[in-house]
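As a plain string of letters, each chain reads:
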Protein chains: 2
Amino acid sequence: MRLTPEINGERLLRRLSDFAEIGGTSVGGVNRQALSKEDCAARHLLADLATARGFKVFQDPIANLFLRREGRNPAQPPMLVGSHLDSQPTGGRFDGALGTLAAFEVLEALEDAGYDTEAAIEVVAWTNEEGSRFAPGVMGSMAFVGAAHPHDFQSLTASDGAYFTEELGATLAALPLAEMRPLGTPISAYLELHIEQGPSLEREGLAAGVVTAVQGTRWLTVTFLGNAGHAGTTSLGYRRDPMVAATLALSRLQASIMPQDEDARLTVGRFSAHPGSINAIPDKVTFTVDIRHPDAASVTSIDAKVRAACEEAALSQRCSVEITTSFDMPPGSFSKIMTDRIEAAAQALGLSYKRMISGAFHDALFVARVAPAAMIFVPCRDGISHNEAEYVEPTDIINGARLLLEATLKSAR
Amino acid sequence: MRLTPEINGERLLRRLSDFAEIGGTSVGGVNRQALSKEDCAARHLLADLATARGFKVFQDPIANLFLRREGRNPAQPPMLVGSHLDSQPTGGRFDGALGTLAAFEVLEALEDAGYDTEAAIEVVAWTNEEGSRFAPGVMGSMAFVGAAHPHDFQSLTASDGAYFTEELGATLAALPLAEMRPLGTPISAYLELHIEQGPSLEREGLAAGVVTAVQGTRWLTVTFLGNAGHAGTTSLGYRRDPMVAATLALSRLQASIMPQDEDARLTVGRFSAHPGSINAIPDKVTFTVDIRHPDAASVTSIDAKVRAACEEAALSQRCSVEITTSFDMPPGSFSKIMTDRIEAAAQALGLSYKRMISGAFHDALFVARVAPAAMIFVPCRDGISHNEAEYVEPTDIINGARLLLEATLKSAR
């Protein structure tokens, strides 16, 4: 007779706490950006824990990290469970880490119980989900499914000046014990646990969200070009000030997009002026725009409004504007088989839940292109994420991991 | 009989060209920011040229550089002539360098002619006039007249991460042959030649401006504080977005200050968002505001409008705002004795001129607190300055230097 595998909540909470120290900030958050020394340290710790439990460690050319617990039939494609270990520069300790460490807890629970599965189960930590140090995000899963190739990113440099290719090489080299495997090893299914990063589950008092779809995301980089000049001597008639154009366009967009469509999201997270001198009119102003909407046509229509407003503002200031798309993830749906399994698992465990759409994009949306995939959300306090104050109740962490284990066992018998 | 000193135009143009190579940019501009390696190299070259002509070299604790041609009576306070050698990050080759090198040409012309003066004449290159790497500007002249002390700047760091005290120390140490003298050595008068940095002289076809006053300048640093959050999941009602507040405030100010007062100048040259992630609502947005007006009361009233607009915008976005003043130079007038001398010199040379107010601030305005001072402006093409495309006609350069020599001789006989 075999034991029923059980999540060890204490161990999972301790692991979360241990990983939160890697890149931990003074106020309890995490700065563990993709391919940084801190990211390498977190990967190293996870690989060491896996090796200690007898799991095999693999990485692929984009540095996706895989921890494999062998199945009875090694020839079958594995079931994949996981998330990411990289964080925002002022991120929280649960975004990504929870899903990765809960998946690892699933493997450990199976190992503790001596519970064999037919196919292997692998934990994955995808590379650069956040996209804050090197844009775009979800790089690892994009490369895994063939939607991008590592070569596509070779000219990237980080905001801290680091080169992508060098940092990727250093990250791979930091795990010499990991066996290299090609991109896109076949898998049978994918599950990812994540915090909601929004307030709805907490407000409705639910233990979990069964994520059926993800809203679309598009990232634009807007550059206004004008004419540098002396702040004190250049009168209005002689100014071609890209700062005036940029703030004019943004104030109009901020007043017209989100207030008119409650499903729309418009965020400007990065903004710089060149040459950045207090007493010189800038010659160049650059900012990013993050557009989200559950409906593909609305993403396109917001994109068009951004372009029109920027062009109108540029014209009014005798400036020019260039707009490029740096990331474009259409809205997408998850596998009904997988969401039904999560739902059945929640019912079996007696956990309250609802079906819902994700406001954030996730690696799962790309993985869904090559295998049945779905996600489980757990509540986070006040919906706060991408913020050092991010917090998840221990009960919700443990229930999330139990649900992940149960849903995993429904897929990998 | 003594020779009449004559400006050597060819030599002056060659010197300008030589100095433009120090920090020279690919499009003919200059990046020679204060206390940088390039600034040190320019100081070194000027000191070497002075030594070669037998002039004495001094520096003071804020690294103002003095080149002294001795007078018949060394006990008399010297007449001071000069400008600055530092540039904006994407600056032109004439802003500062013209006034410094024309002053040095005056010394060389006197030396060539064996023309003795009663009091010594000294060329000065003031430290950090621009204030782009370390704010505020006109640091050297402020410290010279006692309006600031080097200690006041000891906590400054540059946008490139350098520490002010280290860079100042390195700059002083790079000229070991220069004799150290205390701040504020007495002087009898001060003259400064500079490009207009505005279009009026060129448009009116005049060779020179006799500068009678300088408009006031005030620099503010505005910081909006909000709440970081996830770009995809945070709906409008939960946002406290400092970027929205900042662009709202700026778009209102840009529409209401300069269009309503043709003497007013409002420039936002520096702007940043923290943490600077594409897909995170920022928690902090910071920008600078440069306010100018010839009338002191108007500077104060524009300052009040900026504060009111920022506070209103912060309130509307449930953010807070902090505003600090980093530099405040009230409008000021130059010495009538000195402007009369410049005017008489222009008439003697048959150069067209007008009396005018400066739109830019200059070291001369601080020096005017301790000695009779005035400035000479020469035209620059299209009024363009703080820009790599800055250009001055050779004729205007040489006429400017001739006028500086003539006006200097009227003050230092």
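Refer to the structure above for everything that follows.
This report concerns the structure included in the present document. Computed from a predicted structure; not experimentally measured. (Residues numbered from 1 in each chain as written. Chains lettered and ligands numbered in written order. Predicted model: local features only at pLDDT ≥ 70, side-chain atom pairs only at ≥ 80, totals over all residues. Heavy atoms only, no water.)

**A word on the interface of chain A and chain B**
At the junction of the two partners, chain A supplies 61 residues and chain B supplies 61 residues. Summing the contributions of chain A and of chain B, the shared interface buries around 5,100 Å²; its carbon and sulfur component is 57%. Our enumeration of links across chain A and chain B arrives at 32 residue pairs in polar contact (both at pLDDT 80 or more). Every element with two or more residues in the side of chain A that touches chain B is listed here: β9 (229-230), α7 (242-256), β10 (265-267), β11 (271-274), β12 (280-281) and β13 (284-293) of chain A. (Contact = heavy atoms within 4.5 Å. Buried area = accessible area lost by both parts, 1.4 Å probe. Polar contact = N/O pair within 3.5 Å; in protein donor to acceptor, adjacent residues only side chain to side chain. Helix = DSSP H or I, 4+ residues; strand = E, 2+ residues; numbered from the N terminus.)

**Some details on the pattern of salt bridges**
Under the criterion given, the structure shown has 46 salt bridges over all chains. The closest approach of N and O atoms between A:D112 and A:R53, which form a salt bridge, is 2.6 Å. Of this pair, A:D112 sits in helix α3 (residues 97-112) while A:R53 sits in the loop between α2 (37-52) and β1 (56-59), placing them 59 residues apart in sequence. Taking relative accessible area as the criterion, A:D112 reaches 40% and is therefore assigned partly exposed. For A:R53, a relative accessible area of 23% puts it in the partly exposed group. For B:R355, the salt bridge identified is with B:E343, shortest N-O distance 2.5 Å. Of the two residues, B:R355 is situated in strand β16 (residues 353-358) and B:E343 in helix α9 (residues 336-349); the sequence distance between them amounts to 12 residues. Taking the relative accessible area as the measure of exposure, B:R355 reaches 37% and is therefore partly exposed. (Salt bridge = Lys/Arg side-chain N within 4 Å of Asp/Glu carboxyl O. Buried < 20%, exposed > 50% of the residue type's maximum accessible area, 1.4 Å probe, protein only.)

**Description of α9(B)**
Within an α-helix, residues lying three or four positions from one another point in the same direction, as the helix has 3.6 residues per turn. Residues and elements named next belong to chain B. The end-to-end C-alpha separation of α9 is 20 Å, in line with the 20 Å expected for 14 residues at 1.5 Å each. Among all positions of α9, only M338, T339, I342, E343, A345 and A346 are buried. Along the axis of α9, the buried residues cluster in a sector spanning 160°; they form a single face. Away from its buried face, by an angle of more than 90 degrees, α9 presents the exposed residues K336, Q347 and A348. Residues of α9 that are buried make contact with β3 (79-84), β6 (189-195), β7 (208-214), β16, β17 (373-378) and α11 (394-411). Immediately beyond the C-terminal end of α9, within one or two residues, lies G350, with a positive phi of roughly 70°. (Expected span 1.5 Å × (residues − 1). Arc of directions from axis to C-beta.)

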